[in-house]
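Coordinate analysis (summary)
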Amino acid sequence: MYANAVHGAKAFEHTCPVASMNSRQISGLRASTSSAGQFAGQRLAFKAQQCKASRKAAALSVRAVKDGAVLDRPLRVAVVGGGPSGACTAETLAKGGIETYLLERKMDNCKPCGGAIPLCMIDEFDLPADIIDRKVTKMKMISPSNREVDVGKTLSETEYIGMCRREVMDDFLRQRAKKNGAKVINSLFMKFERPQGEDGPYKLHFNNYDAGGKVGKPDSIEVDVVIGADGANSRVAKEIDAGEYDYAIAFQERIRIPDEKMDYYKDLAEMYVGDDVSPDFYGWVFPKYDHVAVGTGTVVNKTAIKQYQQATRDRSKDKTEGGKIIRVEAHPIPEHPRPHRCKGRVTLVGDAAGYVTKCSGEGIYFAAKSGRMAAEAIVEGSQQGKRMISEDDLRVYLDKFDKKYWATYKVLDILQKVFYRSNPAREAFVEMCESDYVQKMTFDSYLYKTVVPGNPLDDAKLLIQTVGSLLRGNALRAGAKSVSFGSRNEKVAA
């Protein structure tokens, strides 16, 4: 509902003839004046600088216009955050004719993320082979009692889970957005000023680091639409009172291990479950280009995260011993969507919106997908940037996203509540993973991002097997013995 730009330098050229002069012309003008006229020449040059500054400010300004009104310049959108959600948003917007600004502070950000991406994402987002560090075709699920189950038997020769480093993938996506026309600004978003009335622009304030240095220069820009892609601690979310949500703390160490041990992990990932590694999540060892990522996460006991990390290290020590820690990372991970994800011409995507699944903790695909869907809604609603959009246009994206993925989030939420609640339940979970039917259903759903409908007879068998596994797990609790993991003593099945 706002914003016909005071766009063009031509309006200034009519009111300020020297505005179009370049520095050589101005210098020649000043040199041609006599000593008696030097003061006038200086005033003329100063006036030219003022006019050019005004022209620059005008290019970054918009003024009020109603929803749906035809614009005399492209719709202007600011995307705050340059991870997968922000970069994919910016790319799709720029390709769709939108004047796009992408604000990101950490251009080499290494988020503590397992870095697993589903097969469908590689084709859907046209990701090149060189950003995939490893193609995982085997997984080991390791129970509280250290029972190991090999997972991946149902994968075809062409199916795999991609493992990537976030700093590599995120940079690729930002650079691609830039090549498609997005203006990438190395900046730290601070706040925005809401429109004066319903039709005005949003004025974003940020510290600009494009000139280099540790101290950013205060800067601002006026835009029609704001997309918050700035992660779990989203400042954009706070600006629109999006509401609070539970979040996990993810802790990860990158460890360079000897070559012979790295060879063990060349196409293998490990997942550890148990109260020792996390009371409500899992520990992992995921292979990267020349190292492994060892980590864990928790919602319910964040202060003990280093203790859980040590337990994960202890349980995997036979395969990672002798390694050197090359990086330590920690970051909040949202546990469910925020109560409010849209207000006015501002909406949230990715972690800022809370799009991380329970049970698996996956977020990369849903971040990129939500960003693209939000951008597509804006491009369509604005008719490729020619018209002003409204909140209703942004809610088209939310409705589509929820309709497509609600079932996925719900199923994984239930699985976490059933199987991550106790060690006996985790033992049952690992036991279930031996089933070829469970493996096929799980991988098909993960790799292709759909809730795969099951065979009724197999589903009935699975239900009986699940109940049996849970009963056996609870029965084993009585015979549990104490085993030391890290600095804790844990009860595990004998």
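Notes on the structure in this doc start here. (Residues numbered from 1 in each chain as written. Predicted model: local features only at pLDDT ≥ 70, side-chain atom pairs only at ≥ 80, totals over all residues. Heavy atoms only, no water.)

**Describing the overall build of the chain**
Within the chain one finds 16 helices and 22 strands. A buried classification covers 54% of the 494 residues belonging to the chain. Pairs at least 24 apart in sequence give 72% of the contacts found in the chain among residues at least 6 apart. Surface summary for the chain: the accessible area is close to 22,700 Å², and the carbon and sulfur share equals 52%. (Helix = DSSP H or I, 4+ residues; strand = E, 2+ residues; numbered from the N terminus. Buried < 20%, exposed > 50% of the residue type's maximum accessible area, 1.4 Å probe, protein only. Contact = heavy atoms within 4.5 Å. Areas by Shrake-Rupley, 256 points an atom, 1.4 Å probe, with all protein chains shown as cover.)

**Observations concerning the pairing of strand β14 (residues 247-256)**
For β14, a buried count of eight out of 10 residues is recorded, marking the element as mostly surrounded by other parts of the structure. Both β14 and strand β17 (residues 292-298) contribute to a ladder of seven bridges, which runs antiparallel. Residue pairing for β17: Arg254 is matched across the bridge by Ala293. (Pairing = 2+ DSSP bridges.)

**Focus on the packing of aromatic side chains**
If you walk through the whole model with that rule in mind, you get 15 aromatic pairs. Ring geometry for Phe125 against Tyr365: centres 6.2 Å apart, planes inclined by 90°, an arrangement best described as edge-to-face. Separated by 240 residues along the polypeptide, Phe125 in the loop between α5 (119-124) and β6 (134-136) and Tyr365 in helix α12 (residues 364-381) bring together distant segments of the chain. Each member of the pair Phe125 and Tyr365 is classed as buried. Centroid distance Phe281 to Tyr282: 4.4 Å. Interplanar angle 25°. Geometry classified as stacked. With a relative accessible area of 7%, Tyr282 lands in the buried category. Clustering of aromatic rings is evident, with ring pairs tying together Phe125, Tyr355, Tyr365, Phe366, Phe401, Tyr405 and Tyr409. Geometry around Tyr101 places Lys183 over its ring, the cationic atom sitting 5.4 Å from the centre. Here Arg338 stacks its cationic end above the ring of Tyr245, 4.1 Å away from the centre of that ring. (Phe/Tyr/Trp six-rings, centres within 6.5 Å; stacked < 30°, edge-to-face > 60°. Lys NZ or Arg CZ within 6 Å of the ring centre and 35° of its normal.)

**Some points on the sheet that holds strand β3 (residues 76-80)**
Taken together, eight strands build an open sheet; the order of strands is β12-β11-β10-β4-β3-β13-β20-β19 and the sheet is mixed. Strands at the two margins of the open sheet, each flanked by one partner only, are β12 (217-223) and β19 (342-343). One ladder, built from five bridges, connects β3 with strand β4 (residues 99-104); its direction is parallel. Paired with Val79 across the two strands is Leu102, which belongs to β4.

**Focus: the pairing of strand β15 (residues 268-272)**
Counted residue by residue, β15 has five buried out of five residues, so it is predominantly covered. Side chains Leu268, Glu270 and Tyr272 of β15 all project onto a buried face; the interleaved residues Ala269 and Met271 project onto the opposite face, where all are buried too. Note: strand β7 (residues 138-142) against β15, five bridges, orientation parallel. Following the sheet pairing, Met141 is matched in β15 by Met271. Strand direction decides the pairing type here: β15 and strand β16 (residues 283-287), joined by three bridges, are antiparallel. Residue pairing for β16: Glu270 is matched across the bridge by Val285.

**Concerning the pattern of salt bridges**
Taken as a whole and judged by the stated rule, the model has 28 salt bridges. Measuring nitrogen to oxygen at the nearest pair gives 2.8 Å for the salt bridge that ties Arg165 to Asp133. Residue Arg165 is found in the loop between β9 (161-163) and α6 (166-179), and its partner Asp133 is found in the loop between α5 and β6; the two are separated by 32 residues along the sequence. Among the ionic pairs, Glu329 bridges to Arg254, the shortest N-O distance being 2.9 Å. (Salt bridge = Lys/Arg side-chain N within 4 Å of Asp/Glu carboxyl O.)

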